[in-house]
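Listed below, chain by chain, are the residues.
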Amino acid sequence: MLHYPHFNPIALQIGPLAIHWYGLMYLLGFAMAYLLGRRRIVTGHTTFLTVRDLEDLIFYSVLGVVLGGRLGYVLFYQPGYYLAHPTEIFHVWDGGMSFHGGLLGVILVMLWLARKKQVTLFTLSDFVAPLIPLGLAAGRLGNFINGELWGRPTTLPWGMIFPNAGDIPRHPSQLYELGLEGLTLFAIMWIFSSKPRPVGQISGLFLIGYGTFRFLVEFTREPDSFLGLLALGLSMGQWLSLPMIAIGAIIFVVSAKRSSR
């Protein structure tokens with residue numbers, strides 16, 4: 001049995017200004033996406049984007065992730081609560097972000113840039129998809145530092161006692177997600193995208209990979225207390241991931257068939 005190391009969620013305090021680790025993890029995620037994307041552009045991996053285009057993409061994706069992620073959490077998970085406490089919608093430093101909402105925000109940004117560059121959405125998303133997983137890893141590390149989104153009770157030797165979760169050892173599910181949705185998915189995406197692929201396949205693989213890993217980890221993650229388990233004993237995260245897997249599989253197969261013609 002392990003004990004949560006009790007991180008201070010505030011990384012730096014300057015008078016009334018508090019800089020939270022959670023926010024810094026998001027900045028780290030975008031910084032890594034920028035560095036990886038810049039490397040791909042400089043090495044000639046893509047011909048339709050410039051470094052300036054990448055800077056625009058990162059800047060507007062920050063807005064897409066924060067606004068989409070927060071609104072997604074509000075609408076998918078606690079619409080009643082935030083309707084009664086509307087000012088708390090803006091308290092992003094307290095946690096409460098939806099990956100699926102953030103993804104929708106980034107898709108809108110990619111639609112705008114794809115139209116500007118006169119390329120298809122999948123041409124652009126194939127470039128972006130391998131840049132995302134390390135950012136997801138940073139976000140899950142932020143969840144762990146915040147001591148939130150802990151797992152279900154477990155008797156495994158690495159079960160961890162989390163503050164505000166009682167004295168029962170629980171799965172450190174944030175770290176499972178860091179390892180699967182973050183590091184493992186990054187390795188898969190980076191290797192797969194290192195060779196030319198049919199347009200759309202890289203994007204499809206990302207949707208399949210993230211959706212599958214998230215679906216599996218949810219079996220170890222404590223369901224949100226205000227939702228519990230939904231139909232068929234699945235969590236909200238699992239129900240939101242199933243369409244991702246299905247859509248990703250369709251995109252992957254269709255792109256392969258088109259390239260073989």
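All values derive from a computational prediction rather than experimental measurement.

*Asks:* How do you make sense of the overall build of the protein when you look at a structure like this?
*Replies:* Secondary structure assignment for the protein yields 9 helices and 4 strands. Moving toward the C terminus, one meets the helices and strands of the protein in the order β-β-β-α-α-α-α-α-α-β-α-α-α. Relative to a compact globule of 261 residues, whose C-alpha radius of gyration would be 18 Å, the protein shows 19 Å and is just as compact. Across its three principal axes, the protein shows a C-alpha extent of roughly 60 × 45 × 35 Å. Within the protein, the fraction of its 261 residues that count as buried is 46%. A separation of at least 24 residues holds for 69% of the contacts in the protein among residues at least 6 apart in sequence. Accessible surface for the protein amounts to roughly 13400 Å². Of this, 70% is attributable to carbon and sulfur atoms. Averaging the positions of the 18 positive and the 13 negative side-chain charges in the protein gives two centres separated by 14 Å.

*Asks:* Would you take a moment to explain helix H8 (residues 201-217) for this structure?
*Replies:* Side chains that are three or four residues apart share a direction in an α-helix, a result of its 3.6 residues per turn. The end-to-end C-alpha distance of H8 is 24 Å, a good match for the 24 Å that 17 residues give at a rise of 1.5 Å each. Within H8, 14 of the 17 residues are buried, which leaves it mostly tucked inside the rest of the structure.

*Asks:* Looking at this model, I keep getting lost on helix H9 (residues 236-259). Mind explaining?
*Replies:* Under the 1.5 Å per step criterion, the end-to-end length of H9 is 35 Å for 24 residues, consistent within 8% with the ideal 34 Å. Restricting attention to buried positions, one finds in H9 the residues Met 236, Gly 237, Gln 238, Leu 240, Ser 241, Met 244, Gly 248, Ile 251 and Ser 255. Where H9 is buried, its residues meet helix H2 (51-76), helix H4 (99-117), helix H5 (121-128) and H8.

*Asks:* Got a minute to help me understand the nonpolar core in this structure?
*Replies:* Grouped burial of nonpolar side chains is what soluble globular proteins tend to show. In terms of nonpolar packing, the biggest core is built from 21 residues, with Leu 49, Leu 54, Leu 57, Met 110, Leu 124, Phe 127 and Val 128 touching the most fellow members. Of all the secondary-structure elements, those providing two or more residues to this core are helix H1 (21-42), H2, H4 and H5. Among the elements that take part in this core, H4 stands out by supplying 5 residues, more than any other. If we skip the residues at most four places from it in the chain, Leu 124 touches Phe 48, Leu 49, Met 110, Leu 113 and Ala 114. With 15 residues, the next largest nonpolar core counts Met 189, Phe 192, Phe 206 and Phe 213 among its residues.

*Asks:* Please explain the pattern of salt bridges as it appears in this structure.
*Replies:* A pair can form between side chains of opposite charge whenever their charged atoms are brought close. Here the structure, examined in full by the defined rule, presents 10 salt bridges. Between Arg 221 and Glu 177 there is a salt bridge, with its nearest N and O atoms 3.1 Å apart. Here Arg 221, found in the loop between H8 and H9, pairs with Glu 177, found in helix H7 (residues 173-192); they are 44 residues apart in sequence, far enough to count as distant. What makes Glu 177 buried here is its relative accessible area of 1%. Here Arg 214 makes a salt bridge to Glu 218, at a shortest N to O gap of 2.8 Å. Grouping residues by exposure puts Arg 214 and Glu 218 together as buried. Residues joined in a network through salt bridges with shared partners are Arg 140, Glu 177, Glu 181, Arg 214, Glu 218 and Arg 221.

*Asks:* Would you explain unusual backbone geometry in this entry?
*Replies:* In terms of backbone geometry, most residues other than glycine have negative phi values and most peptide bonds are trans. At Asn 164, a residue that is not glycine, the phi angle is positive and equals roughly 70°. For Asn 164, the position within the fold is in the loop between strand E4 (160-161) and H7. For Asn 164, a relative accessible area of 76% puts it in the exposed group. Residue Leu 232 is not a glycine yet carries a positive backbone phi of 65°. When you line up the elements, Leu 232 lands in the loop between H8 and H9. Assessed through its relative accessible area of 75%, Leu 232 is described here as exposed.

*Asks:* How do you make sense of the packing of H2 against H4 when you look at a structure like this?
*Replies:* Helix packing geometry: the angle between the two helix axes and the distance between the axes. Taken N-terminus to C-terminus, the directions of H2 and H4 make an angle of 145°; their axes are 5 Å apart at the nearest point. Along this stretch, H2 crosses H4, giving a crossing that reads as right-handed. Here Asp 53, Asp 56, Leu 57, Tyr 60, Ser 61, Gly 64, Val 65, Gly 68, Gly 69, Gly 72 and Phe 76 of H2 come into contact with H4, specifically with His 100, Gly 101, Gly 102, Gly 105, Val 106, Val 109, Met 110, Trp 112, Leu 113, Lys 116 and Lys 117.

*Asks:* I keep staring at the packing of aromatic side chains and nothing clicks. Help me out?
*Replies:* Each aromatic ring pair is described using two quantities: the centre-to-centre distance and the angle formed by the ring planes. Applying the stated criterion to the full structure yields 17 aromatic pairs. Judged by centre distance (5.0 Å) and plane angle (80°), the ring pair of Phe 59 and Tyr 60 falls under edge-to-face. The exposure class assigned to Tyr 60 is partly exposed, which follows from its relative accessible area of 35%. Three or more aromatic residues joined by ring pairs form one cluster here, namely Tyr 4, Phe 7, Phe 144, Trp 150 and Phe 162.

Conventions we followed
- Residues numbered from 1 in each chain as written.
- Predicted model: local features only at pLDDT ≥ 70, side-chain atom pairs only at ≥ 80, totals over all residues.
- Heavy atoms only, no water.
- Helix = DSSP H or I, 4+ residues; strand = E, 2+ residues; numbered from the N terminus.
- Rg over C-alpha atoms; globule rule 2.2 N^0.38 Å.
- Buried < 20%, exposed > 50% of the residue type's maximum accessible area, 1.4 Å probe, protein only.
- Contact = heavy atoms within 4.5 Å.
- Areas by Shrake-Rupley, 256 points an atom, 1.4 Å probe, with all protein chains shown as cover.
- Lys, Arg positive; Asp, Glu negative; His and termini not counted.
- Charge placed at Lys NZ, Arg CZ, Asp CG, Glu CD.
- Expected span 1.5 Å × (residues − 1).
- Core = buried A, V, L, I, M, F, W, Y, C linked by side-chain atoms within 4.5 Å.
- Salt bridge = Lys/Arg side-chain N within 4 Å of Asp/Glu carboxyl O.
- Axes fitted to C-alpha atoms, helices over the stretch in contact; angles between N-to-C directions.
- Left-handed = near helix turned anticlockwise from the far one by under 90°.
- Phe/Tyr/Trp six-rings, centres within 6.5 Å; stacked < 30°, edge-to-face > 60°.

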